[in-house]
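If you want the building blocks of each chain, they are given just below.
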Amino acid sequence: MENQIVAKIPTNISLELQQFSCLPDEIIIEILLRLPVKSLLKLRCVSKSWFFLLSSSQFMKSQINFCVKECKDVNFRLVVAVGKMCNIYSLGLKFGEVDFPLKHPFGSCKFLGSCNGLICLTPMSFKLMLWNPCTGKYKEFQDSYVQSVGSCYIRYGFGYDVVNDDFKVVKIFSFDIDEVKYENVVKIYSLRGDSWKIGEGFVSGYMNAQSGVFVNGFLHWEVSDCRGSGDCSEIMTLDLATETYGVMGLPNCEKGNVSWGLSVVGGNLVACCNYYPNRTDMWVMKEYGVGKSWTKLVSLLSPFGRMGYISPLFVSENGDEVLVKLGTDISLYETRNASYKSLEIHSAGYRLQVQAITYIESLASPHVGDDW
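Residues numbered from 1 in each chain as written. Predicted model: local features only at pLDDT ≥ 70, side-chain atom pairs only at ≥ 80, totals over all residues. Heavy atoms only, no water.

Asker: Hey, could you run me through the packing of aromatic side chains in this one?
Answerer: The geometry of two aromatic rings is summed up by the distance between their centres and the angle between their planes. Taken as a whole and judged by the stated rule, the model has 13 aromatic pairs. Relative to tyrosine 145, the ring of phenylalanine 126 has its centre 6.1 Å away and its plane inclined at 65°; by these criteria the two rings are edge-to-face. A residue pair is termed long-range when its members are at least 10 positions apart, and phenylalanine 126 in the loop between strand E5 (118–122) and strand E6 (127–131) and tyrosine 145 in the loop between strand E7 (138–142) and strand E8 (153–161) qualify at 19 residues. On the basis of relative accessible area, phenylalanine 126 is assigned to the exposed category, the value being 53%. Of the residues examined, tyrosine 145 reaches a relative accessible area of 43% and is grouped as partly exposed. Members of the aromatic cluster, joined through ring pairs, are Phe141, Tyr189 and Trp196. One cation-aromatic arrangement involves lysine 171 over tyrosine 145; the distance from NZ or CZ to the ring centre is 4.0 Å. The ring of tyrosine 275 has arginine 279 sitting right over it, with the charged end atom 4.2 Å from the ring centre. (Phe/Tyr/Trp six-rings, centres within 6.5 Å; stacked < 30°, edge-to-face > 60°. Helix = DSSP H or I, 4+ residues; strand = E, 2+ residues; numbered from the N terminus. Buried < 20%, exposed > 50% of the residue type's maximum accessible area, 1.4 Å probe, protein only. Lys NZ or Arg CZ within 6 Å of the ring centre and 35° of its normal.)

Shown next, in the form of structure tokens:
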């Protein structure tokens, strides 16, 4: 996968570490890579050799690569933020099973994206943050702005540049040119450089999503011919390594009152065609960049009397269950009987500003050169 981090694991484990096992060094490493992150953090206390091995940047990169490559249900977590509360849930054996609750330390927030175990969010005005919910480490930094005479629409994106081994945040300022075209000013934050820079601008239609979707080294936004129109003409892409733009076609859909939304499930790009108010067709791109590989995964019937579009969060391995965000609810859709089960995983007293995002557990650090 193109979003994997390149790393070379040291094989010369010290004699002190070898006392714990008669297994070859490579086998020990393979076993460690398969352990939960919480277990790895505890094992650092076994000895100095274990501490230095498990704290090294080389092991951290290999652990991230393993988690991204495997993409198993057990590695996925769901973060739900309501107001100042934030809880984390397991997406493995049972949907809605609480892994551990977390009192959110950052106040009301908005999730902008997740990648390799890090979540990008806005904890407050004029600030952005990269946060690893598993380790608790985070980095807060100043948001960026442009001087302008008129108003503009703001779009974000977050992902990993595998070529330069760098996490990047993209901020797009969209200014009206006419009813169908927008001039976009782009700024890019580099975690490695800890700074913002001006990127190459571009002209496009109206970008519907507030946050881009990261897949295979690219950020993706659905673009419509004009603001308020559900007829999207294409997907706009940004290669985080070369910082160049491209376009990608959407699946063919029926004519009518439709709107598109993008997501990522199991490492694949997903496009949801909402036929409001009847149903949502969920398409998955089986082979990245190949338009003919768009495959309809499932059709989700819209629940009676419910407003809002369906956004998929997770799909079970056999495809029988789809976890979705529907308005202020997180629900489980059973494809076998076309039914919804609302998961009461947040307080009923807080029905507004529900944020939900999935991520994989990893040792990824929001601090460059961080040896744990």
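After that view of the structure, there is still more to cover.
Asker: Would you take a moment to explain the confidence of the model for the protein chain for this structure?
Answerer: Reading predicted coordinates in detail is not appropriate for stretches of low pLDDT. Residues with a pLDDT of 70 or more make up 80% of the protein chain, whose mean pLDDT is 81. Counting contacts from residues 93–104, a segment whose pLDDT is below 50, to residues more than four positions away or on other chains yields 35 contacts. (pLDDT = per-residue confidence, 0-100. Contact = heavy atoms within 4.5 Å.)

Asker: Can you help me understand the pairing of strand E10 (residues 182–190) in this one?
Answerer: Where a strand is regular, its side chains alternate between the two sheet faces. For E10, the tally of buried residues reaches seven of nine residues, placing the bulk of the element in the interior. Judged from the nine bridges that link them, strand E9 (residues 166–176) and E10 form a sheet pairing that is antiparallel. Counterpart to lysine 171 in the pairing with E10 is lysine 187. Counting the residues that bridge the hairpin from E9 to E10 gives five residues. What sits between E10 and strand E11 (residues 195–198) in their antiparallel hairpin is a turn of four residues, with aspartate 194 showing a positive phi close to 50°. (Pairing = 2+ DSSP bridges.)

Asker: What is the right way to look at the pattern of salt bridges in this model?
Answerer: Opposite charge on two side chains makes pairing possible when the charged atoms of those side chains draw close. In this structure the tally under the stated criterion is twelve salt bridges. Note that arginine 192 and aspartate 165 form a salt bridge whose closest N and O atoms lie 3.1 Å from each other. Taken together, the residues span a long stretch of sequence, with arginine 192 in the loop between E10 and E11 and aspartate 165 in the loop between E8 and E9 at a distance of 27 residues. Among the residues examined, arginine 192 registers a relative accessible area of 44% and is labelled partly exposed. Between lysine 168 and glutamate 243 there is a salt bridge, with the nearest N and O atoms lying 2.9 Å from each other. Here lysine 168 is found in strand E9, whereas its partner glutamate 243 is found in the loop between strand E16 (232–239) and strand E17 (244–248), with 75 residues between them in sequence. (Salt bridge = Lys/Arg side-chain N within 4 Å of Asp/Glu carboxyl O.)

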